[in-house]
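Residue-level structural notes
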Amino acid sequence: MTDLKTKIYQMFILGTVGGNYKKALQCGLGGIIFFTQDIQSENQFKKLVKEIKSESLISPFLSIDQEGGRVERTEHIHNGKKYLSAKFAYEKGTDFLQKQTQEIANELKSYGINLNFAPCIDTNTNPANPIIAERAFSSNPEDVIKGEKIVSEVYKSNGIIPCVKHYPGHGDADSDSHKTLPEINLSMSEMEKYHIKPFKAAVQNGADMVMVAHLWCKCFDKDRLPASLSENALSYLRNNLGYNGVIISDDMIMKGVAEFGKTNACIKGIKAGLNMFIFRNSDDEIIDSIEQIYELAQSDKDLEDKINKSFDKIINLKKKYGIIS
């Protein structure tokens, strides 16, 4: 039987900055997310991955944001060579997109990465969008659906979990959720027609992980609340779209969610239906939050129940991809 504290640690993916990730891995941390500063050379990075595996109580998700274009974490290794972003890769044709995704998959596999936070399946309907733009396959949801299917299938066939993002769709935003909480003022029918549509298709294609954005979508909530903490947004994903996999937050350090406070945001997120959280670092404050959640869960039956359900989903996904036996 896995104890409650280990189950809670499994719900977190942390970065290396802050240095507490080793201690967290020994407590059952769910995974590590790597950034550019972690990847200085191939040998150094492979050594880091090996160390992380050896420190882990439960084999971790070894994750990265490797979309191509401006979201690429291997710049130091590539000496300036870059993959194309989703839009430009898609515009070169489906064969090119498949071939490039296979190159990315080969590279990630060679380092031991088992989870890529890609593809980005936002429909980029707002030309003034400061954060999505060419990271999206298209401004047409049908093209986004085609792109997602190709990319996700390549990753899956290479034993890498693709994580589709940023539900319920970041494409209409006019601000960056790293810096503020963007407001999406679209009706539910508009959201469904353009933005939720690719997520519906991804669920039907067997998506294993969905990342939720820090966006205030007024079709889900009248009061100021990011979709990542919204029971309405997350139950729509479960009930209306029939999604049964792992739901993960976007980075919880982002300003779009920061006003809710780390511990409080995590509790709110768990109760709303999140299964996992990303924090780009592993400082004392984040470890304290995880420990506080453990304290609270011991006397909160609803919280404990949701933690147990999340743990089961996480473990099942790790088993499906052979991360654990």
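Residues numbered from 1 in each chain as written. Predicted model: local features only at pLDDT ≥ 70, side-chain atom pairs only at ≥ 80, totals over all residues. Heavy atoms only, no water.

**What to know about the overall build of the chain**
- For the chain, the helix and strand inventory stands at 13 helices and 10 strands.
- Compactness check: the chain gives a C-alpha radius of gyration of 18 Å against a globular reference of 20 Å for 325 residues, within 12% of the reference.
- Dimensions of the chain, computed from C-alpha atoms along their principal axes, come out at roughly 50 × 50 × 35 Å.
- Counting contacts in the chain only where the partners sit at least 6 residues apart, residues at least 24 apart contribute 74% of the total.
- Carbon and sulfur atoms provide 47% of the accessible area of the chain, an area that totals close to 12,900 Å².
- Positive and negative side-chain charges in the chain, numbering 41 and 43 respectively, have mean positions lying 4 Å apart. (Helix = DSSP H or I, 4+ residues; strand = E, 2+ residues; numbered from the N terminus. Rg over C-alpha atoms; globule rule 2.2 N^0.38 Å. Contact = heavy atoms within 4.5 Å. Areas by Shrake-Rupley, 256 points an atom, 1.4 Å probe, with all protein chains shown as cover. Lys, Arg positive; Asp, Glu negative; His and termini not counted. Charge placed at Lys NZ, Arg CZ, Asp CG, Glu CD.)

**Some words on the pairing of strand 10 (residues 276-281)**
- Counting buried residues along strand 10, 5 of its 6 residues qualify, which places the element largely inside the surrounding structure.
- Two elements, strand 9 (residues 246-251) and strand 10, share 2 bridges in a ladder whose sense is parallel. By the bridge assignment for strand 10, I248 is matched with M276. (Buried < 20%, exposed > 50% of the residue type's maximum accessible area, 1.4 Å probe, protein only. Pairing = 2+ DSSP bridges.)

**Considerations on the state of the cysteines**
- The tally for this structure, following the rule as stated, stands at 0 disulfides.
- The closest cysteine sulfur to the non-disulfide-bonded C27 is located on C266, 16 Å from its own sulfur.
- C219 provides the cysteine sulfur closest to C217, a residue in no disulfide bond, and the two sulfurs are 5.4 Å apart. (Disulfide = S-S within 2.5 Å.)

**Structural notes on the environment of G147**
- Relative to the elements of secondary structure, G147 occurs in helix 7 (residues 141-157).
- What G147 contacts, discounting residues up to four positions off in sequence, is Y90, L97 and F137.

**Quick look at the sheet that holds strand 2 (residues 31-34)**
- What the 8 strands build is a closed barrel, ordered 1-2-3-4-5-7-9-10; its pairing is parallel.
- Sheet topology note: the strand 7 (residues 209-212)/strand 9 ladder contains 4 bridges and is parallel. Across the sheet, M211 pairs through a bridge with I248, a residue of strand 9.
- Running at roughly 145° to strand 5 (residues 161-167), helix 7 makes contact with strand 4 (115-116) and strand 5 of the sheet.
- Here helix 12 (residues 284-297) sits on the sheet in contact with strand 1 (12-17) and strand 10, set at roughly 155° to strand 1. (Axes fitted to C-alpha atoms, helices over the stretch in contact; angles between N-to-C directions.)

**A word on the packing of aromatic side chains**
- Scanning the entire structure with this criterion turns up 7 aromatic pairs.
- Note on Y90 and F137: the rings are 6.1 Å apart at their centroids and 65° apart in plane angle, and the pair reads as edge-to-face. Of this pair, Y90 sits in helix 5 (residues 86-91) while F137 sits in the loop between strand 4 and helix 7; the two residues are 47 residues apart in sequence, bridging distant segments of the chain. As far as the burial class goes, Y90 and F137 line up, both buried. (Phe/Tyr/Trp six-rings, centres within 6.5 Å; stacked < 30°, edge-to-face > 60°.)

**Concerning the pattern of salt bridges**
- The tally for this structure, following the rule as stated, stands at 22 salt bridges.
- Its salt-bridge partner being K46, residue E42 comes within 4.0 Å of it at the nearest N-O pair. With E42 and K46 both in helix 3 (residues 42-55) and 4 residues apart, the pair spans about one turn of that helix.
- The partly exposed category is assigned to E42, whose relative accessible area is 38%.
- When salt bridges that share partners are traced, they join D65, E67, R73, R135 and K165 into one network. (Salt bridge = Lys/Arg side-chain N within 4 Å of Asp/Glu carboxyl O.)

**Some details on the nonpolar core**
- F12, F34, F61, F117, Y167 and M209 are the most contacted members of the largest nonpolar core, which has 101 residues in total.
- The contacts of M209, once residues within four sequence positions are left out, are F61, L115, F117, I161, P162, C163, V164, Y243, V246, I248, M276 and L317. (Core = buried A, V, L, I, M, F, W, Y, C linked by side-chain atoms within 4.5 Å.)

**Description of the packing of helix 11 (residues 262-272) against helix 13 (residues 301-320)**
- Packing of helix 11 against helix 13 brings their axes to within 9 Å, and their N-to-C directions diverge by 70°. When the axis of helix 11 is compared with that of helix 13, the two are roughly perpendicular. The residues of helix 13 that touch helix 11, namely those facing I267, I270 and K271, are D302, L303, K306 and I307. (Parallel < 35°, antiparallel > 145°, perpendicular 65-115°, else oblique.)

**Details of helix 9 (residues 231-240)**
- For helix 9, the complete set of buried residues consists of A233, L234, Y236, L237 and R238.
- If you follow the buried residues of helix 9, they end up packed against strand 5, helix 8 (188-204), strand 7, strand 9, helix 11 and helix 13.
- After helix 9 finishes, the residue G242 shows a positive phi value of roughly 70°.

**Remarks on the side chain of S63**
- Relative to the helices and strands, S63 resides in strand 3 (residues 61-64).
- A polar atom in the side chain of S63 sits 2.8 Å from the backbone oxygen of I32.
- Discounting residues that sit within four places of it in the chain, S63 has contacts with I13, I32, I33, F34, I113, L115 and F117. (Polar contact = N/O pair within 3.5 Å; in protein donor to acceptor, adjacent residues only side chain to side chain.)

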